[in-house]
Amino acid sequence: MYNREWDPILRAGLMAALAAGLAGCSPKQEPDAYGNVEAEEVVVGAQTAGQLLQFVPEEGSTLAAGAIVAVIDTVPLVLQLRQYQSQRAASASHQTEVGQQMEVLEVQREIAQRNYERTKRLLAEQGATAQMMDQAERDYKTLLGQIEATRTQQQTAGHDVNATDARMAQIRDQIQRSRVTNPQAGTVLATYVRAGEVVQNGQPLYKIASLDTLNLRAYVTEPQLAQVRLGQSAQVSIDAGKGQHRELTGTVSWVSSEAQFTPTPIQTREERANLVYAVKIRVANPDGVLKIGMPADVRFGPAAAKP
């Protein structure tokens, strides 16, 4: 039976239902930008040529910084080093021998010089003939020429020793580089070789990246650019499945100084804009929820005031 006293209650219920319906129909807040997650990847290459005796990295495995991850065969380098060591010993021996010859020639030069000066005085006093003077001068100058030639040999032998030392240092450096050290802690994203293969100097071995902190590269229009600052906070939203989204907090770490044409797969808040600016947002990823290439939405927080 209808009761007029129920009218206020019915009206209140209808108003609440209408308000809830209007709230459900309100437009969702659009993101400020869209982008994709990327990592700072490092491609590690071989620094010497040879057969790969050991190779540790596997896709998906984690490596510590400074770990020995690959070993390249060093037998050819060791044989080369021994050859240079023999050459160095021969050059050093020759250098010593030439030095000894130099000492003998210096003694002979002193004697020839005294004889030349004495003969010169005797000739002035008519105590020596011109033939004796010519002989003394010839002996003296001959020894000077021999000393100069020996000094050149001594310098050449010294250069040979130094050059061999440099080659040996280079070989030792290559032997040391045959043990590949992982440059940074992270997760192996891809491997390009296997143990047993012959690699060349500079050939890529594997790719690694730290997934603990990733970057979101997004694009903003010129009107938005004035509101973006380095160090500014940003809310990054990713699809968590079943219509749910997960919010992560990031920090603007880089803003491009030059505009570029809008990338094809990227949408912006103002679709009419042809030129956009790239922005990187650094986001912590402790539980690994972010994946490389994953799309994400961005809403920028309040910009810090300029000093």
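What you see is a predicted model, and the numbers here were worked out from it, not measured in a lab.

About the criteria used
Residues numbered from 1 in each chain as written. Predicted model: local features only at pLDDT ≥ 70, side-chain atom pairs only at ≥ 80, totals over all residues. Heavy atoms only, no water. Helix = DSSP H or I, 4+ residues; strand = E, 2+ residues; numbered from the N terminus. Buried < 20%, exposed > 50% of the residue type's maximum accessible area, 1.4 Å probe, protein only. Contact = heavy atoms within 4.5 Å. Areas by Shrake-Rupley, 256 points an atom, 1.4 Å probe, with all protein chains shown as cover. Pairing = 2+ DSSP bridges. pLDDT = per-residue confidence, 0-100. Phe/Tyr/Trp six-rings, centres within 6.5 Å; stacked < 30°, edge-to-face > 60°. Lys NZ or Arg CZ within 6 Å of the ring centre and 35° of its normal. Axes fitted to C-alpha atoms, helices over the stretch in contact; angles between N-to-C directions. Parallel < 35°, antiparallel > 145°, perpendicular 65-115°, else oblique. Left-handed = near helix turned anticlockwise from the far one by under 90°. Expected span 1.5 Å × (residues − 1). Core = buried A, V, L, I, M, F, W, Y, C linked by side-chain atoms within 4.5 Å.

Chemist: With reference to specific residues and values, describe the overall build of the chain.
Modeler: Looking only at helices and strands, the chain has four helices and 15 strands in total. Scored against the burial criterion, the 307 residues of the chain give a buried share of 30%. Here the contacts in the chain between residues at least 6 apart in sequence split such that 75% fall between residues at least 24 apart. Surface summary for the chain: the accessible area is close to 19,500 Å², and the carbon and sulfur share equals 52%.

Chemist: I'd like to hear about the environment of Met-102, residue by residue, with values.
Modeler: Along the chain, Met-102 falls in helix H2 (residues 75-124). Among the residues examined, Met-102 registers a relative accessible area of 9% and is labelled buried. C-alpha of Met-102 to C-alpha of Ala-149: the two residues are 47 residues apart in sequence and 9.7 Å apart in space. With residues near it in sequence (within four places) discarded, Met-102 still touches Ile-147, Thr-150, Arg-151 and Gln-154.

Chemist: Can you tell me about the sheet that holds strand E4 (residues 62-63), naming the residues and giving the values?
Modeler: Spatially, E2-E9-E7-E4 is the arrangement adopted by the four strands of the open sheet, whose pairing is antiparallel. With one partner strand each, in any of the chains shown, strand E2 (41-45) and E4 form the two edges of the open sheet. Across four bridges, strand E7 (residues 186-191) lies against strand E9 (residues 204-209) in antiparallel orientation. In the sheet register, Thr-187 faces E9, and the bridge partner there is Ala-209.

Chemist: For the sheet that holds strand E3 (residues 50-55), give the residues involved together with the corresponding values.
Modeler: Judged by pairing direction, the sheet is antiparallel, and its four strands sit side by side in the order E6-E5-E3-E8 without closing on themselves. The sheet is open, and its two edges are formed by strand E6 (179-181) and strand E8 (198-199), each paired on a single side. Of the pairings in the sheet, the one linking strand E5 (residues 68-72) to E6 comprises three bridges and is antiparallel in character. Bridging across to E6, Val-71 finds its partner in Arg-179.

Chemist: Summarise the confidence of the model for the chain; cite the residues concerned and give the values.
Modeler: A residue-level look at the chain finds 85% of positions with pLDDT of 70 or above and a mean pLDDT of 84. Taken as a whole, residues 1-27 scores under 50 in pLDDT and shows two contacts with residues more than four places along the chain or in a different chain.

Chemist: Before we move on, can you summarise the packing of aromatic side chains with the specific residues and values?
Modeler: Where two aromatic rings form a pair, the distance of their centres and the angle of their planes describe that pair. In total, this model carries two aromatic pairs according to the counting rule given. Plain terms: the ring middles of Phe-55 and Tyr-206 are 6.3 Å apart, the flat faces sit at 65 degrees to each other, and that makes the pair edge-to-face. With Phe-55 in strand E3 and Tyr-206 in strand E9, this residue pair connects regions lying 151 residues apart in the sequence. Given a relative accessible area of 15%, Phe-55 falls into the buried group. For Tyr-206, a relative accessible area of 0% translates into the label buried. Note on Tyr-116 and Tyr-140: the rings are 5.6 Å apart at their centroids and 5 degrees apart in plane angle, and the pair reads as stacked. Placement of the pair is Tyr-116 in helix H2 and Tyr-140 in helix H3 (residues 130-177), with a sequence separation of 24 residues. Its guanidinium or amino end placed over the ring of Trp-254, Lys-280 lies 5.7 Å from that ring's centre, counting from NZ or CZ.

Chemist: Tell me about the pairing of E3, and name the residues and values.
Modeler: For E3 and E8, the ladder comprises two bridges, and the chain directions are antiparallel. What sits directly across from Gly-50, in E8, is Val-199.

Chemist: Which residues make up the packing of H2 against H3, and what are the values?
Modeler: One way to put it is that H2 packs onto H3 with a least axis distance of 7 Å and a crossing angle of 160 degrees. Overall, the two elements H2 and H3 adopt an arrangement that is roughly antiparallel. Read as a crossing pair, H2 and H3 show a hand that is left-handed.

Chemist: So, the environment of Ala-46: which residues are in play, and what are the values?
Modeler: Relative to the elements of secondary structure, Ala-46 occurs in the loop between E2 and E3. Once the C-alpha coordinates of Ala-46 and Val-180 are considered, the two residues, 134 residues apart in sequence, prove to be 7.1 Å apart. With near-sequence residues (within four places) excluded, Ala-46 lies in contact with Ile-72, Val-199, Gln-200, Asn-201, Gly-202, Gln-203 and Leu-205.

Chemist: Please provide a residue-by-residue account of H2, values included.
Modeler: Across its 50 residues, H2 extends 73 Å between first and last C-alpha, which sits within 8% of the 74 Å expected from 1.5 Å per residue. Downstream of H2 by a residue or two, Gln-126 has a phi angle that is positive, lying close to 60 degrees.

Chemist: Kindly report on the nonpolar core, identifying the contributing residues and their values.
Modeler: Formed by 23 residues in total, the largest nonpolar core has its most connected members in Ile-281, Leu-290, Val-298 and Phe-300. Going through the elements one at a time, strand E1 (33-38), strand E10 (213-221), strand E11 (233-241), strand E12 (244-255), strand E14 (275-284) and strand E15 (295-300) are the ones with two or more residues in this core. Discounting residues that sit within four places of it in the chain, Ile-281 has contacts with Leu-214, Asn-215, Leu-216, Ala-234, Val-236, Gly-250, Thr-251, Val-252, Ser-253, Val-298 and Phe-300.

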